[in-house]
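Tertiary structure, described
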Amino acid sequence: MVRPYIPLNALRSFEAAARHLSFTNAASELHVTHAAVSQQVKSLEQQLGCQLFVRVSRGLMLTPEGESLLPVLNDSFDRIADTLDRFWAGQVREKLKVGVVGSFAIGLLLPRVDDFNHHHPHIELQLSTHNNRVDPAAEGHDYTIRFGSGAWHGTEAQFICDAPLSPLCIPAISRQLQHPADVHKFTLLRSFRRDEWSLWLQSMNEHPPSPAQPVMIFDSSLTMIEAALMGTGIALAPCKIFNHLLQTEKLIRPFAAEINLGGYWLTRLQTRAESPAMKAFSSWLSAQFSTE
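Quick caveat: nothing in here was measured; it's all calculated off a predicted structure. (Residues numbered from 1 in each chain as written. Predicted model: local features only at pLDDT ≥ 70, side-chain atom pairs only at ≥ 80, totals over all residues. Heavy atoms only, no water.)

Let us look at helix H1 (residues 8-20). Compared with the 18 Å implied by 1.5 Å per residue over 13 residues, the 18 Å span of H1 between its first and last C-alpha is a close match. Every buried residue of H1 is accounted for by Ala-10, Leu-11, Ser-13, Phe-14, Glu-15, Ala-16, Ala-17 and Ala-18. Contact partners of the buried residues in H1: helix H2 (23-30), helix H3 (34-48), strand S1 (53-56), strand S2 (59-62) and helix H4 (64-85). (Helix = DSSP H or I, 4+ residues; strand = E, 2+ residues; numbered from the N terminus. Expected span 1.5 Å × (residues − 1). Buried < 20%, exposed > 50% of the residue type's maximum accessible area, 1.4 Å probe, protein only. Contact = heavy atoms within 4.5 Å.)

What follows is the structure in structure tokens.
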């Protein structure tokens, strides 16, 4: 598309002056003189055939025409800067947006991120956390890491690792748990799945919780573990995620028995083609967990 002459210097001067509502501050930002900014803005006004600023007692005020032009320039200059930032050491720097369920992010991914950045310095990894209920299309994720069975409609899923659940509690409670049935004496902490504790107790040949059993439900394993650390009750949670708390004995795993109700999966929408950055992240993540 052939475009008419675009006065970039004048537009840049106007954008800076409009943000600061000051020719002086704009000149300081652009490392030019006050007169140069003023002249560029005047030139732009002449070319557009309208006034962009009016002078007021405290400086400048945008006219309606100036107000309509500013957001367009803000967005355009931001996009140009963003694109230029992607060039790094002669190589295009790719952005990769990954949505991660919070427990996996804290327990398994964040401790490894430096390794990914070291091996792939041309990829800008942007992470956001969620509570396993997420809309990848609406949130613009390239990949989404979730907990579950791997079956999500319209989604390709790559298995990362299992996440078996086992009771976790503070030492003071653990000392009172001599037998699996002793968990009935305490508040049971679980996720939105109703059958978790029933299945664990069943694996130990014990009765499921009664309707009168105190139960607290959480939408995040991280919040559940915080409650367990406060002594609120016994959490049924993935041990590998909270291994750092087990190593320091802030939490105790009173029984070895565990149940496997799902795992962590790297997912992408089938409509989203894999970019080189996505393939690099997928391969790296697979290698990180190949021995687990």
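This part is about the packing of aromatic side chains. The relative placement of two aromatic rings is captured by the distance of their centres and the angle of their planes. In total, this model carries twelve aromatic pairs according to the counting rule given. Note on Phe-116 and Trp-284: the rings are 5.2 Å apart at their centroids and 65 degrees apart in plane angle, and the pair reads as edge-to-face. Taken as a pair, Phe-116 in helix H6 (residues 113-119) and Trp-284 in helix H12 (residues 276-288) lie far apart in primary sequence, 168 residues in all. Accessibility assignment for this pair places Phe-116 and Trp-284 in one class, buried. Centre to centre, the rings of Tyr-143 and Phe-281 are 6.2 Å apart; their planes meet at 35 degrees, and the pair counts as tilted. In this pair, Tyr-143 is assigned in strand S7 (residues 143-148) and Phe-281 in helix H12, connecting sequence segments 138 residues apart. Of the aromatic side chains, those joined through ring pairs into one cluster are Phe-104, Phe-147, Tyr-264 and Phe-289. The ring of Phe-77 has Arg-12 lying over it, and the distance from NZ or CZ to the ring centre is 5.3 Å. For Arg-133, the ring lying beneath its charged end belongs to Phe-192, and the centroid distance is 4.6 Å. (Phe/Tyr/Trp six-rings, centres within 6.5 Å; stacked < 30°, edge-to-face > 60°. Lys NZ or Arg CZ within 6 Å of the ring centre and 35° of its normal.)

The next subject is the environment of Trp-265. As for its placement among the helices and strands, Trp-265 is situated in strand S13 (residues 263-269). Between the alpha carbons of Trp-265 and Ala-36 there is a distance of 57 Å; along the sequence they are 229 residues apart. Setting aside chain neighbours within four positions, we find Trp-265 in contact with Thr-144, Ile-145, Arg-146, Gly-148, Ser-149, Gly-150, Trp-152, Ala-157, Gln-158, Phe-159 and Ile-160. A polar contact of 3.0 Å, which involves the side chain of Trp-265, links it to the backbone oxygen of Gly-148. (Polar contact = N/O pair within 3.5 Å; in protein donor to acceptor, adjacent residues only side chain to side chain.)

Turning our attention to the nonpolar core. If you look at the biggest cluster of nonpolar residues, it comprises 57 residues, and the most contacted ones within it are Phe-104, Ile-145, Ile-160, Val-183, Phe-281 and Leu-285. No other element matches H12, which puts six residues into this core. Three or more residues apiece are contributed to this core by two domains, here domain 2 (88-162 + 263-290) and domain 3 (163-261). Apart from the residues lying within four places of it in its own chain, the contact partners of Phe-281 are Leu-96, Val-98, Phe-116, Leu-125, Tyr-143 and Leu-266. (Core = buried A, V, L, I, M, F, W, Y, C linked by side-chain atoms within 4.5 Å. Domains from an automatic or database assignment.)

In this structure, the largest pocket spans a volume of roughly 330 Å³. If you go around the largest pocket, you meet 23 residues; those closest to its centre are Asn-132, Phe-147, Ser-191, Phe-192 and Ser-221. At the level of elements, helix H5 (102-109), helix H10 (221-229) and strand S12 (234-238) are the ones that each hand at least two residues to the lining of the largest pocket. Counted by class, the lining of the largest pocket contains twelve nonpolar, eight polar and three charged residues. Each of two domains, domain 2 (88-162 + 263-290) and domain 3 (163-261), supplies a minimum of three residues to the lining of the largest pocket. (1 Å grid on protein atoms, 1.4 Å probe; cavity = no way out; pocket = protein on both sides within 12 Å on 5 of 7 lines; lining within 4 Å. Points joined across faces, edges and corners; volume = space filled by probe spheres on them. Nonpolar A, V, L, I, M, F, W, Y, C, P; charged D, E, K, R; others polar.)

Below, the discussion takes up the pattern of salt bridges. If the charged atoms of two oppositely charged side chains come close together, the side chains can form a pair. Considering all chains together, one arrives at nine salt bridges under this definition. Between Arg-19 and Glu-15 there is a salt bridge, and its shortest N-O distance comes to 2.6 Å. With Arg-19 and Glu-15 both in helix H1 and four residues apart, the pair spans about one turn of that helix. A salt bridge links Asp-182 to Lys-185; the shortest N-O distance between them is 3.6 Å. Of the residues examined, Asp-182 reaches a relative accessible area of 11% and is grouped as buried. (Salt bridge = Lys/Arg side-chain N within 4 Å of Asp/Glu carboxyl O.)

Overall, the coordinates contain one cavity of 30 Å³ or more when judged by the stated rule. Taken as a whole, the largest cavity encloses approximately 40 Å³ of empty space. Surrounding the largest cavity, Pro-136, His-141, Asp-142, Tyr-143, Thr-144, Arg-146, Thr-155, Thr-267, Arg-268 and Leu-269 form its lining. At the level of elements, S7 and S13 are the ones that each hand at least two residues to the lining of the largest cavity. Broken down by class, the residue content of the lining of the largest cavity amounts to three nonpolar, four polar and three charged.

This brings us to helix H9 (residues 196-203). Think of an α-helix as 3.6 residues a turn; residues three or four steps apart then line up on the same face. Listed in full, the buried residues belonging to H9 are Glu-196, Trp-197, Trp-200 and Leu-201. Along the axis of H9, the buried positions cluster into a sector of 125 degrees, meaning they face one direction only. Looking at the packing, one finds that the buried side of H9 touches strand S9 (165-168), strand S10 (188-190) and S12. Directly beyond the C-terminal end of H9, a positive phi value near 60 degrees is found at Asn-205. (Arc of directions from axis to C-beta.)

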